[in-house]
Amino acid sequence: MTEKRVTFVSKIGVVAAAAGSAVGLGNIWRFPSQTADGGGAIFILVYIGCILFFGIPLMVSEFMVGRSSRANTAGAYHLLAPGTQWKWVGRLGVLTGFIIMGFYMVVCGWTLVYIFQSVSGSLSGTTDLSANFIALQNNPMRQIVWMILFTLLTAFFILSGVKKGIELSAKIMMPILFLLLVVLAIRAITLDGAGAGLNFLFKPDWSQVKSTLFLDAMGQAFFSLSLGMGCMITYGSYFNDNTPLVKTAVQVSLLDTLVAILAGVVIFPAAFALTANPATIVDELVAGGPGLLFITIPELFNQMPGSMIWSTFFFCLLALAALTSTISLMEVVTVYIHEEYHISRRKSTLLVTTGVIILGIFASFSSSFFNFLDVASAKFMLPIGGFFISLFVGWYLDKKIVYAQLTNERSLKYSIGFLKTYIFLLRYVVPIAMLAIFIYGLVA
Ligand code: TRP
């Protein structure tokens, strides 16, 4: 830990890098399918509640643990809580990151396949896009090749000094992705019959409430904000002393939520407008599961002039957004092995890459294993990690450290009430509410 750690230089870079980790397939691929499954508007409402009550306070906490220790996820607990069992929270996080990569890389591979299909023109020539996606799902070898390629691409960035790569790609690519989503949203909502999709998205239908609604929404919130495994701890460890933690967490969460909802505004109106059988569309969306994005979006492009160019552009940006997320995941696991076991960065990257590829191969062959990795990480491991991080900062960490971190050694002025509210949230509200959601989700 004696070597000097790099810190992010520019202010926008800090937000961009953390936002780059947060904004990814979780927003554009996972959020829409979870929303479909969760009954539309109610899911979104509960989701936003989870972002506000759990997401933002916990993101601040992760930043805090990272910046006050300037260490990797597990090392942070060694330093801040020496000789205690808190290190297991860090280890759990590393394991979680590994499991997430196991299925995430497979979806990343799909984005590469779709870039390829867009460029070759085969995507815009296809009328049956769900058959196109099913064909991909039924071809493990093809998925494996592209999954491996994406994993190697991520490893390349990890090896070649991440900081510049992430900052730069996040700063340039994110605004473009955002603009493209706005254009697509406009196209989608001006389609005939798009109104039903908007209704589904924004008009709560209380008859749709499922018993696992809260657990599903909470899991999605953690997944989308990259919380609960120490990703933001690792990023926080690179922040400089002037980075305002609360403001950064609010900005990142806002941006992340905006992108997710925007993706919804593209996909649902398009899906409702373009379906052949409106009566069963909701069931179809739910049954379609992970394919939603990869079927509906190309269908939308086929409604637009120059569909080939649009879809190439879109899937390239999607792959880039995914890349800034996979980099953040792989960075956590690699730095952990590198710093804790004193293995060179190269070797630990190699180790992690191999492990991820093996998991990815299993996930490509079996969609139930794929789902298992998804559910285990998002609905169990991330919330459990978040639960302990809130206890750690709320109860264990010295309040002097907490206040110093929140206020950047008193250079930021927050009222005492604000600081106390933050602690109160982490001590009681967050852990108790999370426990309740957890138990309810399991037994109900
Ligand atoms: N948040 C990213 C997304 O939405 C995925 C991700 C990156 C992640 N790092 C993480 C999820 C850490 C959970 C924990 O695509």
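This text follows the structure it describes.
Residues numbered from 1 in each chain as written. Predicted model: local features only at pLDDT ≥ 70, side-chain atom pairs only at ≥ 80, totals over all residues. Heavy atoms only, no water.

## Let's talk about the overall build of the protein chain
For step 1, the next point in the chain: Looking only at helices and strands, the protein chain has 19 helices and zero strands in total.
For step 2, the next point in the chain: Projected onto its principal axes, the C-alpha coordinates of the protein chain cover approximately 60 × 50 × 40 Å.
For step 3, the next point in the chain: Evaluated residue by residue, the protein chain yields a buried proportion of 59% over its 444 residues.
For step 4, the next point in the chain: Contacts spanning at least 24 positions in sequence make up 86% of the contacts within the protein chain whose residues lie at least 6 apart.
For step 5, the next point in the chain: Element-wise, carbon and sulfur atoms account for 70% of the exposed surface of the protein chain, whose accessible area totals about 17600 Å².
For step 6, the next point in the chain: Here the protein chain carries 26 positive and 19 negative side-chain charges, and the mean point of each set is 12 Å from the other. (Helix = DSSP H or I, 4+ residues; strand = E, 2+ residues; numbered from the N terminus. Buried < 20%, exposed > 50% of the residue type's maximum accessible area, 1.4 Å probe, protein only. Contact = heavy atoms within 4.5 Å. Areas by Shrake-Rupley, 256 points an atom, 1.4 Å probe, with all protein chains shown as cover. Lys, Arg positive; Asp, Glu negative; His and termini not counted. Charge placed at Lys NZ, Arg CZ, Asp CG, Glu CD.)

## A look at the packing of aromatic side chains
For step 1, the next point in the chain: Here the structure, examined in full by the defined rule, presents 33 aromatic pairs.
For step 2, the next point in the chain: Look at Phe 314 and Phe 315: their rings are 5.1 Å apart centre to centre, the planes differ by 80 degrees, and that puts the pair in the edge-to-face class. Each member of the pair, Phe 314 as well as Phe 315, is classed as buried.
For step 3, the next point in the chain: With centroids separated by 5.4 Å and ring planes inclined at 15 degrees, the aromatic side chains of Phe 392 and Tyr 396 adopt a geometry described as stacked. Separated by four residues within a single helix, Phe 392 and Tyr 396 lie in helix H17 (residues 367–396), roughly one turn from each other.
For step 4, the next point in the chain: Arg 91 extends its terminal NZ or CZ atom over the ring of Trp 88, reaching a point 4.6 Å from the ring centre. (Phe/Tyr/Trp six-rings, centres within 6.5 Å; stacked < 30°, edge-to-face > 60°. Lys NZ or Arg CZ within 6 Å of the ring centre and 35° of its normal.)

## Observations regarding the site of the ligand
For step 1, the next point in the chain: Every one of the 17 residues lining the ligand counts as a neighbour, but Ala 22, Gly 26, Tyr 104, Phe 223 and Ser 226 are closest to it.
For step 2, the next point in the chain: In this structure, Ser 21 approaches the ligand through a main-chain N or O atom, which is 3.4 Å from a nitrogen atom.
For step 3, the next point in the chain: Gly 26 is positioned with one of its backbone polar atoms (N or O) 2.8 Å from an oxygen atom of the ligand.
For step 4, the next point in the chain: Considering the ligand on its own, with 360 Å² of exposed area, one finds that the protein chains cover 100% of that surface.
For step 5, the next point in the chain: Looking at the shell around the ligand, the elements with two or more residues in it are helix H1 (11–22), helix H2 (25–37), helix H5 (87–120), helix H10 (213–224) and helix H15 (307–340).
For step 6, the next point in the chain: By residue class, the composition of the shell around the ligand is nine nonpolar, eight polar and no charged. (Near = heavy atom within 4 Å. Polar contact = N/O pair within 3.5 Å; in protein donor to acceptor, adjacent residues only side chain to side chain. Nonpolar A, V, L, I, M, F, W, Y, C, P; charged D, E, K, R; others polar.)

## Some remarks on the environment of Thr 212
For step 1, the next point in the chain: Take Thr 212: it is sitting in the loop between helix H9 (195–202) and H10.
For step 2, the next point in the chain: For the pair Thr 212 and Gly 125, spaced 87 residues apart in sequence, the C-alpha separation works out to 40 Å.

## Concerning helix H6 (residues 129–137)
For step 1, the next point in the chain: Along H6, the residues classified as buried are Leu 129, Asn 132, Phe 133 and Leu 136. Projected down its long axis, H6 carries its buried residues within an arc of 95 degrees, all on one side. (Arc of directions from axis to C-beta.)

## A few points about the nonpolar core
For step 1, the next point in the chain: Core analysis: the biggest nonpolar cluster contains 155 residues, and Phe 314 and Phe 315 have the highest contact counts within it.
For step 2, the next point in the chain: Setting aside anything within four residues of it in sequence, one finds Phe 315 in contact with Thr 111, Tyr 114, Ile 115, Ser 118, Leu 123, Phe 294, Ile 297, Pro 298 and Phe 301. (Core = buried A, V, L, I, M, F, W, Y, C linked by side-chain atoms within 4.5 Å.)

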